[in-house]
Amino acid sequence: MRNFIQKALNKLPKLDKEQIRNLLFDLASENELLEVVLDSIPDGILVVDLDNRLITLNRSVEKMICFKVPDPSDQIIWEVVEDDEIAEFIKKVLKKGDRVTEEEFTLSFSGIMKTICLDILPLVKDGSIQGNVILVSDITEKKRKEARLRRAESLASLTTLAAGVAHEIKNPLGSIGIHIQLMQKALKRDKALTQETAGNFLAIINEEVERLNEIIVDFLFAVRPMNTSLTLTRINSVVTDLIEFVKHELEQNGIVIHMDLDPNIPKIYMDEKYMKQALLNIIKNAEAAMPEGGELTVQTFEGDGMVHLHIKDTGTGISEDNMAKIFEPYFTTKDFGSGLGLTVVYKIIKEHDGEIFLDSKEGEGTVFMLTFPIPQKVKRLLDWRGGNEV
Ligand SMILES: Nc1ncnc2c1ncn2[C@@H]1O[C@H](COP(=O)(O)OP(=O)(O)OP(=O)(O)O)[C@@H](O)[C@H]1O
Ligand SMILES: [Mg+2]
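Nothing here was measured: the structure is a model prediction, and the numbers come from that model.

Enquirer: For the nonpolar core, give the residues involved together with the corresponding values.
Expert: Core analysis: the largest hydrophobic core is formed by 30 residues, its most contacted members being Met 275, Ala 278, Leu 279, Ile 282, Ile 311 and Val 345. Among the elements of the structure, α7 (235-252), β8 (268-270), α8 (272-289), β9 (294-303), β10 (306-313), α10 (341-351) and β12 (365-373) are those that each provide at least two residues to this core. When residues of this core are assigned to their parent elements, the largest contribution, seven residues, is made by α8. Every residue in contact with Leu 279, bar those within four places of it in the chain, is listed here: Val 238, Val 239 and Leu 242.

Enquirer: An account of helix α2 (residues 17-40) is requested, with residue identities and associated values reported.
Expert: Its 24 residues place the ends of α2 34 Å apart at the C-alpha level, agreeing with the 34 Å of an ideal helix rising 1.5 Å per residue. Judged by how many residues are buried, α2 sits mostly at the surface: zero of 24 residues are covered.

Enquirer: Pulling in residues and values, what's your account of the site of ligand 1?
Expert: Near ligand 1 you find 23 residues, and of these Asn 285, Ala 289, Thr 332, Gly 337 and Gly 341 are the closest. Breaking the shell around ligand 1 down by element, the ones donating at least two residues are α8 and α10. Here the element with the most residues in the shell around ligand 1 is α8; it accounts for four residues. Tallied by class, the residues present in the shell around ligand 1 amount to seven nonpolar, 14 polar and two charged.

Enquirer: Hey, could you go over the packing of α8 against α10 for me, with residue numbers and the actual values?
Expert: Relative to each other, α8 and α10 sit at 145°, their axes nearing to 9 Å. Handedness of the crossing formed by α8 with α10: left-handed. Between α8 and α10, the residues in contact are Tyr 274, Met 275, Gln 277, Ala 278, Asn 281, Ile 282, Lys 284 and Asn 285 and Gly 341, Leu 342, Val 344, Val 345, Ile 348, Ile 349 and Glu 351, respectively. For the contact of α8 with α10, a count of residues per class yields nine nonpolar, four polar and two charged.

Enquirer: Quick one: what's the story with the domain arrangement of the chain, residue by residue and with numbers?
Expert: Domain boundaries assigned for the chain yield domain 1 (2-143), domain 2 (144-224) and domain 3 (227-377). Computed over C-alpha atoms, the centres of domain 1 and domain 2 are 65 Å apart. Facing the four residues of domain 1 at the interface are four residues of domain 2.

Enquirer: Summarise the sheet that holds β9; cite the residues concerned and give the values.
Expert: Taken in spatial order, the five strands line up as β7-β9-β10-β12-β11 in an open sheet, and their pairing is mixed. The open sheet has two edge strands, β7 (255-261) and β11 (355-361), and neither has a second partner. This sheet shows a mean twist of 10° between the axes of neighbouring strands, independent of strand direction. Bridge count for β9 against β10 is eight bridges, and the pairing is antiparallel. Paired with Thr 297 across the two strands is Lys 312, which belongs to β10.

Reading the values: rules and limits
- Residues numbered from 1 in each chain as written.
- Chains lettered and ligands numbered in written order.
- Predicted model: local features only at pLDDT ≥ 70, side-chain atom pairs only at ≥ 80, totals over all residues.
- Core = buried A, V, L, I, M, F, W, Y, C linked by C-beta atoms within 7 Å.
- Buried ≥ 20, exposed ≤ 12 C-beta atoms within 10 Å, placed from the backbone.
- Helix = DSSP H or I, 4+ residues; strand = E, 2+ residues; numbered from the N terminus.
- Contact = placed C-beta atoms within 7 Å.
- Expected span 1.5 Å × (residues − 1).
- Near = placed C-beta within 6 Å.
- Nonpolar A, V, L, I, M, F, W, Y, C, P; charged D, E, K, R; others polar.
- Axes fitted to C-alpha atoms, helices over the stretch in contact; angles between N-to-C directions.
- Left-handed = near helix turned anticlockwise from the far one by under 90°.
- Domains from an automatic or database assignment.
- Pairing = 2+ DSSP bridges.

Here you go:
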């Protein structure tokens, strides 16, 4: 199209009235097509020039952003955006010449909560910046879907956990039943049950009741809603505190600790108490995997908008078969393990919106890789005062 216009402009002095009319007609229909395309896009588009004046907007944007005036064209964008917080944010970004992606705003729109997402990108033409494009998307449904998925995920893990408990309590319950039956049989026989035999049976029953109690206590710890209180914290401080706490024991077991912590790592929202619990469980597993000693490396770094924490050991490693099972409640390869350690880790990491991955090779070692999102600067509850239709 641009080439066509350029050619037409070059030829303009030679064109007659009819040809100029046709040219204008073509241009108008081309422009109309462009408008139709822009208006058909479900995301909102705002284009501002270098003076931050609004030069183009599509129809979708009016469903998400309210303007103070009926025609905001040619106006300084932040002066016409109705919502003060959004206007202030756009002003700050445009004045700084920043490029911002996925800034979220939660708005109450006539009582309905809406989450919109703003991307501000430079408009580049012929290698130079000519203005900015502000993309506005309504991510309310996406957010709801994510929340539904999280609920389904936690429900699914609760089901596995419940199945695990059912399996765990079967043995002690069976044993209690058998010993009660034995006592009943002995009582039915003429000969009275001796005090010694009764004492032995009762001791076994007592032991099994204790075991049942332990299972329930562990279960409750794993499923109880976590009362996390998240504050902006640098993960390095949690790591160093924890390593200080376990250092002596690890060194006594012949484990050399390496720390490689990025001093500029951004803060993330965290509940220190729970995070320490999760990291301790991972470190304890690493320790158990290195009975002859070895190396424990703890590394933090930033990448892809995430804070990364790697905990690596040079222990036994995990077989491929077991790899899929280790987060399952009650899965253990240890004689005295509860098998809930990593279940709790998983729950805590999820509570922090984090992800957990691992890589392991039998005979070489294991690395647990945790990632946490770096929080966005703006996540406020803004009150929508506009009245556009939704
Ligand atoms: N770093 C590791 N190296 C090798 N195996 C591991 C490692 N971490 C976990 N595992 C395997 O995963 C299993 C489950 O770990 P989890 O922490 O859930 O339970 P556990 O350690 O067996 O018991 P508990 O944590 O209650 O003492 C372990 O039994 C072990 O087989
Ligand atoms: Mg463990």
